Amino acid sequence: MSFNWPLMEDNVTREDLDVLIAFLQGMPRLTQSENVRALEREWSEWVGVRHSVFVNSGASANLITMAALKHLYGGGEVIVPTLTWVSDVSSVLQNGFTPVFVDINPRNLCMDEDQVIAKLSDKTRAVFLTYVQGFNGLSDRLLAELKKRNIPLIEDVCESHGATFKGRRLGSFGLASNFSFYFAHHMSTVEGGMVCTNDDAFYDAVRMLRSHGMVREAQSQDLRARYAGENPELSPDFIFAFPAFNVRSTEINAVLGRSQLKRLDANNARRTENFQLFLSRIDPGKYRTDFDTEGSCNYAFNLVLQKPDEALRDRLEQAMRANGIEFRRGSAGGGNQLRQPYLKGIVPDGAYKQYPEVEHIHFFGYYIGNYPSLAAERIEELCRVLNAVE
Ligand SMILES: Cc1ncc(COP(=O)(O)O)c(C=O)c1O
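What you see is a predicted model; the values in this text were computed from it and never measured.

**Examining the packing of helix H3 (residues 58-73) against helix H7 (residues 200-210)**
Then comes step 1: For the pair H3 and H7, interaxial distance at closest approach is 9 Å and the crossing angle is 125 degrees. Looking at the two axes, H3 sits oblique to H7. Two packed elements cross with a definite hand, and for H3 against H7 that hand is right-handed. Contacts between H3 and H7 involve Ile-64, Thr-65, Ala-67, Ala-68, Leu-69, His-71 and Leu-72 from the former and Ala-201, Phe-202, Ala-205, Val-206, Leu-209 and Arg-210 from the latter.

**Observations regarding the side chain of Asn-178**
Then comes step 1: Turning to its location among the elements, Asn-178 is positioned in strand E8 (residues 176-180).
Then comes step 2: Judged by its relative accessible area of 0%, Asn-178 falls in the buried class.
Then comes step 3: Discounting residues that sit within four places of it in the chain, Asn-178 has contacts with Ala-61, Asn-62, Thr-65, Phe-128, Glu-155, Asp-156, Val-157, Cys-158, Met-194 and Val-195.

**Here's the deal with the sheet that holds strand E12 (residues 365-369)**
Then comes step 1: One open sheet holds the three strands; their spatial order is E10-E12-E11, and the pairing between them is antiparallel. The sheet is open, and its two borders are formed by strand E10 (300-304) and strand E11 (328-329), each paired with just one other strand.
Then comes step 2: Sheet topology places E10 next to E12; five bridges connect them, and they run antiparallel. Bridge pairing in E12 places Ala-300 opposite Gly-369.
Then comes step 3: Relative to the sheet, helix H10 (residues 310-322) contacts E10, E11 and E12, its axis offset from that of E12 by approximately 15 degrees.

**Notes on empty space enclosed by the protein**
Then comes step 1: The full count for this structure, using the stated rule, is two cavities of 30 Å³ or more.
Then comes step 2: Volume-wise, the largest cavity comes out at about 40 Å³.
Then comes step 3: Here the lining of the largest cavity is built from residues that sort into two nonpolar, four polar and one charged.
Then comes step 4: There is about 30 Å³ of room inside the second largest cavity.

**What about the nonpolar core?**
Then comes step 1: Counting residues in hydrophobic clusters, the biggest one holds 119 residues, and the most contacted among them are Trp-5, Trp-43, Phe-278, Leu-303 and Leu-386.
Then comes step 2: Per-element accounting of this core gives the leading share, seven residues, to helix H9 (residues 251-281).
Then comes step 3: The residues contacting Phe-278, other than those within four sequence positions of it, are Phe-301, Asn-302, Leu-303, Ile-379, Leu-382, Cys-383 and Leu-386.

**Side note on the packing of aromatic side chains**
Then comes step 1: Taken as a whole, this structure holds 16 aromatic pairs when the rule is applied.
Then comes step 2: Between the aromatic rings of Phe-54 and Phe-181, the centroid separation amounts to 6.3 Å while the plane-to-plane angle is 45 degrees, which identifies the pairing as tilted. With a gap of 127 residues between them, Phe-54 in strand E1 (residues 51-55) and Phe-181 in the loop between E8 and strand E9 (193-197) connect regions that are remote in the sequence. Both residues of the pair, Phe-54 and Phe-181, belong to the buried class.
Then comes step 3: Between Phe-135 and Phe-275, the aromatic rings sit 5.9 Å apart at their centres with planes inclined by 65 degrees, giving edge-to-face as the arrangement. Here Phe-275 lies in helix H9 and Phe-135 lies in the loop between strand E4 (124-130) and helix H6 (140-149), a separation of 140 residues in the sequence. Across the pair, exposure class does not vary: Phe-135 and Phe-275 are buried alike.
Then comes step 4: Joined through ring pairs, the aromatic side chains of Phe-3, Trp-5, Phe-135, Phe-275, Phe-278, Phe-291 and Phe-301 make up one cluster.
Then comes step 5: Directly above the aromatic system of Phe-173 lies the positively charged group of Arg-168, at a separation of 4.0 Å from the ring centroid.

**Details of the site of the ligand**
Then comes step 1: Gly-58, Ala-59, Asp-156, Glu-159 and Ser-180 are the nearest of the 15 residues found near the ligand.
Then comes step 2: Measuring from a nitrogen atom of the ligand, one finds a side-chain N or O atom of Asp-156 at 2.7 Å.
Then comes step 3: With respect to the ligand, the side chain of Glu-159 contributes an N or O atom lying 2.5 Å from an oxygen atom.
Then comes step 4: If the ligand stood free it would expose 380 Å²; the protein chains cover 91% of that surface.

**Observations regarding unusual backbone geometry**
Then comes step 1: Its identity is not glycine, yet Leu-109 carries a phi of approximately 60 degrees, on the positive side.
Then comes step 2: In this fold, Leu-109 is placed in the loop between strand E3 (98-102) and helix H5 (113-119).
Then comes step 3: Given a relative accessible area of 2%, Leu-109 falls into the buried group.
Then comes step 4: Residue Val-190 is not a glycine yet carries a positive backbone phi of 75 degrees.
Then comes step 5: Relative to the assigned elements, Val-190 resides in the loop between E8 and E9.

**A closer look at the side chain of Ser-160**
Then comes step 1: Looking at the secondary structure, you find Ser-160 in the loop between strand E5 (153-156) and strand E6 (164-165).
Then comes step 2: According to the relative accessible area criterion, Ser-160 is buried, its value standing at 0%.
Then comes step 3: In terms of polar contacts, Ser-160 uses its side chain to reach the backbone amide nitrogen of Gly-134, at 2.8 Å.
Then comes step 4: With near-sequence residues (within four places) excluded, Ser-160 lies in contact with Tyr-131, Val-132, Gln-133, Gly-134, Phe-135, His-186 and Cys-297.

Parameters and conventions
Residues numbered from 1 in each chain as written. Predicted model: local features only at pLDDT ≥ 70, side-chain atom pairs only at ≥ 80, totals over all residues. Heavy atoms only, no water. Axes fitted to C-alpha atoms, helices over the stretch in contact; angles between N-to-C directions. Helix = DSSP H or I, 4+ residues; strand = E, 2+ residues; numbered from the N terminus. Parallel < 35°, antiparallel > 145°, perpendicular 65-115°, else oblique. Left-handed = near helix turned anticlockwise from the far one by under 90°. Contact = heavy atoms within 4.5 Å. Buried < 20%, exposed > 50% of the residue type's maximum accessible area, 1.4 Å probe, protein only. Pairing = 2+ DSSP bridges. 1 Å grid on protein atoms, 1.4 Å probe; cavity = no way out; pocket = protein on both sides within 12 Å on 5 of 7 lines; lining within 4 Å. Points joined across faces, edges and corners; volume = space filled by probe spheres on them. Nonpolar A, V, L, I, M, F, W, Y, C, P; charged D, E, K, R; others polar. Core = buried A, V, L, I, M, F, W, Y, C linked by side-chain atoms within 4.5 Å. Phe/Tyr/Trp six-rings, centres within 6.5 Å; stacked < 30°, edge-to-face > 60°. Lys NZ or Arg CZ within 6 Å of the ring centre and 35° of its normal. Near = heavy atom within 4 Å. Polar contact = N/O pair within 3.5 Å; in protein donor to acceptor, adjacent residues only side chain to side chain. Areas by Shrake-Rupley, 256 points an atom, 1.4 Å probe, with all protein chains shown as cover.

None of this, on its own, says anything about what the molecule does.
Spelled out as structure tokens, the structure:
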């Protein structure tokens, strides 16, 4: 028997494509324009922030967020998780910050709060928290500590659209937050990302960084006037404030995003039900089920072996392959980042051993797709297959 269980199904629907076709039939402008602006407004309202900046990927959101942090707050250390996507660390490195790694909390797969607090210092420029696969990683204690020490929180919500802490959407707590709209996420613009912030200066920096560092992108008249005044020999249309990037997206992607956003809440409710059903059916003797799911909103089924049993792991992988169940070992980002070649020479050899919780996920943790179209019986059948592995 084969399930044909891909990581993601139908994330761009017939309905989305019809909306796009109707849009194209009007012979519209396709470069960033009113649909991008409308998506940014609608997204800000949905997250609960003042500003959003649409870009061409979640990795680009990470990149220009770290660039804006550097521009406005200067260099230093950024606290990052060992379990995250590569761009959360590479964006830190590319902007000249020193990454300081912390292990994960096995109950929410996000950074361990005690370790974050222990590693804060005068050199810390930000805590760059990834909400791994729909789990909330915030607590009152962490927020209070960061506030007391005046250290910005940057939230990576790329894997957790719609998850909440105390009823408020993640992505609305920090100095800035990042989202991805890649195909496998809660909502898709095919490729795409968003930077959100409540801070006007951060907003202007990110707008400029998205478009070549162009000063005319800034909303602040004072900022534009200052640059124009300081550079009277330059055309005000072409003042480039700093070396930057072009990470803009297009109207096509924004039209898809606006169509998708309309059903995001309903889809997320289904995903949350699916995940609860999954956790209630998998065998807690074999797999971890004690996740902290309060406020979570997961596009994945997290399957983590209780014990580091390599033989059981191999049989589990065999069973998943035989049944057509697509999976990713090491969770979404491929497990412990410190084992990756891009960090060779940057972190000491063997440093990965100091992070036992992420090491367990690296070798014995998986994710399987969780999407709205899954029927309850299929999830129950999936759990029977997983539980039958001995
Ligand atoms: C936590 C996290 N941050 C950033 C990204 C990068 O997003 P994108 O694939 O849109 O570049 C991802 C990607 O999946 C991610 O999981």
